[in-house]
Amino acid sequence: MSHLSLPAPSRRRLSLHDTKVRGILYQLLLAGCLLALALGIGMQTASNMRVRGIPLSFDFWNESAGFDINQTLIPYDALSSYGQAFWVGVVNTLYVSLLAILFATLLGFVIGVARLSPNWIVSKVATAYVELVRNVPLLLQLLFWYNAVLKPLPSPKASIAIPGGIYLNNRGLIVPEIHLHPGAGLVGLAFVAAISCCVAFWFRARSIQRRTGRQLPVLLVSLATLIGFPLVVFLAAGEPVSFVAPQLRGFNFQGGHQLYPEFAALLIGLSVYTGSYIAEIVRGGIQAVPKGQTEAAHALGLAPGKTLRLVVVPQALRIIIPPLTSQYLNLIKNSSLAVFIGYPDLVQIFAGTVLNQTGAAVQVMAITLSVYLVTSLATSLVMNACNQHFAMLKGDG
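Every value quoted in this text rests on a predicted model; they were computed, and no experiment measured them.

1. Here we look at the overall build of the protein chain
If you tally the helices and strands in the protein chain, you get eleven helices and eight strands. Against the 2.2 N^0.38 benchmark of 21 Å for 397 residues, the protein chain shows a C-alpha radius of gyration of 29 Å, more extended than a compact globule. Referenced to the eigenvectors of the C-alpha coordinate spread, the extents of the protein chain come out at roughly 100 × 75 × 50 Å. Considering only intrachain contacts with a sequence separation of at least 6, the fraction spanning at least 24 residues in the protein chain is 67%. Surface summary for the protein chain: the accessible area is close to 24,100 Å², and the carbon and sulfur share equals 67%. A gap of 15 Å separates the mean positions of the 26 positive and 13 negative side-chain charges of the protein chain.

2. Some thoughts on the packing of aromatic side chains
Under the counting rule described, the total for this entry stands at 13 aromatic pairs. For the pair Trp61 and Phe350, a centre-to-centre distance of 6.0 Å together with 75 degrees between the ring planes defines the contact as edge-to-face. Of this pair, Trp61 sits in the loop between α1 (19-51) and α2 (82-115) while Phe350 sits in helix α10 (residues 346-358), and the two are 289 residues apart along the sequence. In this structure Phe350 comes out as buried when scored by relative accessible area, which is 0%. Of note, Arg134 hangs over the ring of Tyr277, and the distance from its end group to the ring centre comes to 5.7 Å.

3. Brief notes about the pattern of salt bridges
Considering all chains together, one arrives at three salt bridges under this definition. Across the salt bridge formed by Glu280 and Arg115, the nearest N and O atoms sit 2.2 Å from each other. Of the two residues, Glu280 is situated in helix α7 (residues 261-288) and Arg115 in helix α2; the sequence distance between them amounts to 165 residues. Judged by its relative accessible area of 15%, Glu280 is buried. Judged by its relative accessible area of 17%, Arg115 is buried. Here Arg283 makes a salt bridge to Glu280, at a shortest N to O gap of 3.0 Å. Residue Arg283 and its partner Glu280 are both found in helix α7; the two are separated by three residues, about one turn of the helix. Given the relative accessible area of 21%, Arg283 is considered partly exposed.

4. Examining the sheet that holds strand β1 (residues 160-162)
One open sheet holds the four strands; their spatial order is β1-β2-β3-β8, and the pairing between them is antiparallel. One side of each edge strand has no neighbouring strand; the edge strands of this open sheet are β1 and β8 (257-259). Adjacent strand axes in the sheet meet at a mean angle of 20 degrees when their direction is disregarded. Bridging between β1 and strand β2 (residues 166-169) involves three bridges; their strand directions are antiparallel. Bridging across to β2, Ile160 finds its partner in Leu168.

5. Observations concerning unusual backbone geometry
Backbone geometry at Glu239 places phi at a positive 55 degrees, although glycine is not the residue there. Mapped onto the elements of the fold, Glu239 is located in the loop between α6 (218-236) and β5 (241-244).

6. Some details on the side chain of Ser376
Along the chain, Ser376 turns up in helix α11 (residues 361-396). At 2.9 Å, the side chain of Ser376 forms a polar contact with the backbone oxygen of Tyr372.

7. Here's the deal with the pairing of β2
If you look at the hairpin formed by β1 and β2, you'll find three residues sitting between the two strands, and Gly164 has a positive phi there, around 105 degrees. Strand direction decides the pairing type here: β2 and strand β3 (residues 172-175), joined by three bridges, are antiparallel. Paired with Leu168 across the strands is Leu173, a residue of β3. Here β2 folds back onto β3, and the loop between the two strands holds two residues.

8. Describing the nonpolar core
One finds Phe67, Leu266 and Phe350 to be the most contacted residues of the largest nonpolar core, which totals 61 residues. Going through the elements one at a time, α2, α3 (120-134), α4 (138-150), α7, α9 (304-334), α10 and α11 are the ones with two or more residues in this core. No other element matches the 13 residues that α7 contributes to this core. Phe67 has contacts with Tyr76, Asp77, Ala78, Tyr82, Ala85, Ile349, Thr353, Val354 and Gln357, leaving out every residue within four places of it along the chain. Listed in part, the six residues of the second largest apolar core include Ala184, Ala190, Val233 and Val241.

9. Quick word on the side chain of Ser271
One can find Ser271 in helix α7. Contact partners of Ser271, with chain neighbours within four places excluded, come to Ala100, Phe103, Ala104 and Leu107.

10. What about α4?
In this model α4 runs 17 Å from its N-terminal to its C-terminal C-alpha over 13 residues, within 8% of the 18 Å that 1.5 Å per residue would give. In the structure, α4 departs most strongly from a straight axis at Phe144, where the bend amounts to approximately 25 degrees. For α4, the complete set of buried residues consists of Leu138, Gln141, Leu142, Tyr146 and Leu150. Structurally, α4 contributes buried residues whose contacts are with α3, α7 and α9.

11. Looking at the state of the cysteines
Under the counting rule described, the total for this entry stands at zero disulfides. With no disulfide of its own, Cys198 has Cys197 as its nearest cysteine by sulfur position, at a separation of 7.0 Å.

12. Things to note about the packing of α4 against α7
Contact geometry for α4 and α7: axes closest at 9 Å, N-to-C directions at 135 degrees. Considering the angle they form, α4 stands oblique to α7. In this structure, α4 meets α7 at a crossing whose hand is right-handed. Contact with α4, carried on its side by Leu138, Gln141, Leu142, Trp145, Tyr146 and Leu150, involves Pro261, Glu262, Ala264, Ala265, Leu266, Ile268, Gly269, Leu270, Val272 and Tyr273 of α7 and no other residues of that element. Residue classes in the contact of α4 with α7 are distributed as 13 nonpolar, two polar and one charged.

Reading guide: rules and limits
- Residues numbered from 1 in each chain as written.
- Predicted model: local features only at pLDDT ≥ 70, side-chain atom pairs only at ≥ 80, totals over all residues.
- Heavy atoms only, no water.
- Helix = DSSP H or I, 4+ residues; strand = E, 2+ residues; numbered from the N terminus.
- Rg over C-alpha atoms; globule rule 2.2 N^0.38 Å.
- Contact = heavy atoms within 4.5 Å.
- Areas by Shrake-Rupley, 256 points an atom, 1.4 Å probe, with all protein chains shown as cover.
- Lys, Arg positive; Asp, Glu negative; His and termini not counted.
- Charge placed at Lys NZ, Arg CZ, Asp CG, Glu CD.
- Phe/Tyr/Trp six-rings, centres within 6.5 Å; stacked < 30°, edge-to-face > 60°.
- Buried < 20%, exposed > 50% of the residue type's maximum accessible area, 1.4 Å probe, protein only.
- Lys NZ or Arg CZ within 6 Å of the ring centre and 35° of its normal.
- Salt bridge = Lys/Arg side-chain N within 4 Å of Asp/Glu carboxyl O.
- Pairing = 2+ DSSP bridges.
- Axes fitted to C-alpha atoms, helices over the stretch in contact; angles between N-to-C directions.
- Polar contact = N/O pair within 3.5 Å; in protein donor to acceptor, adjacent residues only side chain to side chain.
- Core = buried A, V, L, I, M, F, W, Y, C linked by side-chain atoms within 4.5 Å.
- Expected span 1.5 Å × (residues − 1).
- Bend = angle between axes of the 7 residues up to and from the residue.
- Disulfide = S-S within 2.5 Å.
- Parallel < 35°, antiparallel > 145°, perpendicular 65-115°, else oblique.
- Left-handed = near helix turned anticlockwise from the far one by under 90°.
- Nonpolar A, V, L, I, M, F, W, Y, C, P; charged D, E, K, R; others polar.

Structure, rendered in structure tokens:
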């Protein structure tokens, strides 16, 4: 019996005539050039900073800042470090950005749906809002809200009294201060439990609707649970939460929580401006849903409101979410305009005051840019997850 000898597998010889080899070499060459360029820029920058006496280290981080910040959500005073001032700026920026995203989304959805309303007045008013706000620069709108709307409000002595112990003047909105007494934690736990029950009931109602088509009163049950259960615990615990109204003392109010006009102007400006763009995204997403879907829903006897909520909007979200992500990113970056109206955000505190006092321009700017980069990437990650979720729902359908 003869044995057949198989030829040994031939090894591919590397050659510059091979397109893959040339491609790898070109990429390595480009990477080397970019690395050399980066090293050259870094060395030249370090040399120039030494010549001009600009600090190269981050030793300033733990030094005392020596300046006050009038709006802080975390503990801070003039003796705090520059690092603590940095975190104050980050928290203030994230706080106003998240609230503006919430309000802009709600406003944008309402205006976007209103643009498609069969009511002529509602449709034209929504259109006028979109066209006016989108074509005026955001900075001018912020200055308008701050200087033309909030600053002309009366002085504290002539404050506008709002029922509930709330006062409005040119120094902001002053609301009653919340005092927590023993047992207040039970109310908080009751509220968390109510939210958990609402979420569980929503999933249950969704499952029943998919199986049988029967709709449960999710909104009414959720409202009753969110209000009723914490209220019952609040009364049973002896009302452990109290509200202390602010009192006018001299030229200003004492006590209460103050919402500063700088914060309000920035929040209103970002919400109104971004909401106009979101309105157009919502309008386009709704119009992209085939009309046959609406006609089929009407043929099944669904009311216009339920048709929009249960049929049109869920399909439109697959089209709305990608451009909506860009608007959220723009809003976060546009919050840096707060410096023009005096709101202490990251740019004003860290890239402004801290940079001027320490002279560490490169370090401060690198940290500031990194914060906005990380925030934008995190926002994109969350929105991409939402987009994939609705894409999977489309595939299941």
